[in-house]
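# What the coordinates show
Next come the chains, spelled out residue by residue.
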Amino acid sequence: MTETGNGDLVRAALGLGSNIGDTRAHLDAALAALAATPGLVVVARSSDYRTPPWGPVPQDDYRNACVVIETRLSPRALLDRCLVVERELGRVRDIRWGPRIIDIDVLVYGKETVEEEGLTIPHPRMGERAFVLVPLAEIWPDAPLGDGRTASQALATCPGQDEIREI
């Protein structure tokens, strides 16, 4: 596990989603696994939201939530930990934009911009997705999206909000 270079805590945001089986249990299990990670503390969890699926694959609605964490993990180590949790919970990556037991995305990592193989932070296109912005703005309205806007500013003009339901 790689820590940040200076050992300081970094505020980050993760997006979680599930649309297979007991979606609430999947989100709760993912959060418990993340909270048990050394160098990572969950500081806020949004409400859960029922959201329509994104993309061309027919599937059930999602349960989505966001969490704000403080972490000493590097961006890559944080992503790697999220991927391990997904695998431990049974996530199989076979259909792009397809149904999933659990999906964990690194949305924001402080004010950093990261462009690496398999890792882009802030998460691309989150400023256009109500299923991310509604829960994120609930718990971190000033989250920097990397395009000069905050989560709450992007939400103000984001389409699709009428399809998001708190559950």
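What comes next is a walk through the structure. Note that this is a predicted model, so its numbers are computed, not measured.

### Description of the pattern of salt bridges
Overall, the coordinates contain eleven salt bridges when judged by the stated rule. Residue aspartate 48 is joined to arginine 45 by a salt bridge in which the shortest nitrogen-to-oxygen separation is 3.0 Å. Of the residues examined, arginine 45 reaches a relative accessible area of 31% and is grouped as partly exposed. Put simply, arginine 76 and glutamate 116 hold a salt bridge, and the shortest N to O gap is 3.1 Å.

### Here's the deal with the side chain of arginine 63
Within the secondary structure layout, arginine 63 lies in strand E4 (residues 62-71). Within the structure, arginine 63 has its side chain in polar contact with the side chain of threonine 23 (distance 3.0 Å). Separated by 2.9 Å, the side chains of arginine 63 and aspartate 48 make a polar contact. Residues in contact with arginine 63, not counting those within four places in the same chain, are Leu16, Gly17, Ser18, Thr23, Arg24, Leu27, Asp48, Tyr49 and Ile167.

### Re helix H1 (residues 23-35)
Helix length check: H1, at 13 residues, gives a terminal C-alpha distance of 18 Å against a target of 18 Å (1.5 Å per residue), a fit within 8%. By the burial criterion, the buried members of H1 are Thr23, His26, Leu27, Ala30, Leu31, Ala33 and Leu34. An end-on view of H1 places all buried positions within 160° of arc, on one side of the element. Looking at the buried residues of H1, the elements they touch are strand E1 (10-18), strand E2 (40-45), E4, helix H2 (75-88) and strand E5 (103-109).

How each quantity is defined
- Residues numbered from 1 in each chain as written.
- Predicted model: local features only at pLDDT ≥ 70, side-chain atom pairs only at ≥ 80, totals over all residues.
- Heavy atoms only, no water.
- Salt bridge = Lys/Arg side-chain N within 4 Å of Asp/Glu carboxyl O.
- Buried < 20%, exposed > 50% of the residue type's maximum accessible area, 1.4 Å probe, protein only.
- Helix = DSSP H or I, 4+ residues; strand = E, 2+ residues; numbered from the N terminus.
- Polar contact = N/O pair within 3.5 Å; in protein donor to acceptor, adjacent residues only side chain to side chain.
- Contact = heavy atoms within 4.5 Å.
- Expected span 1.5 Å × (residues − 1).
- Arc of directions from axis to C-beta.

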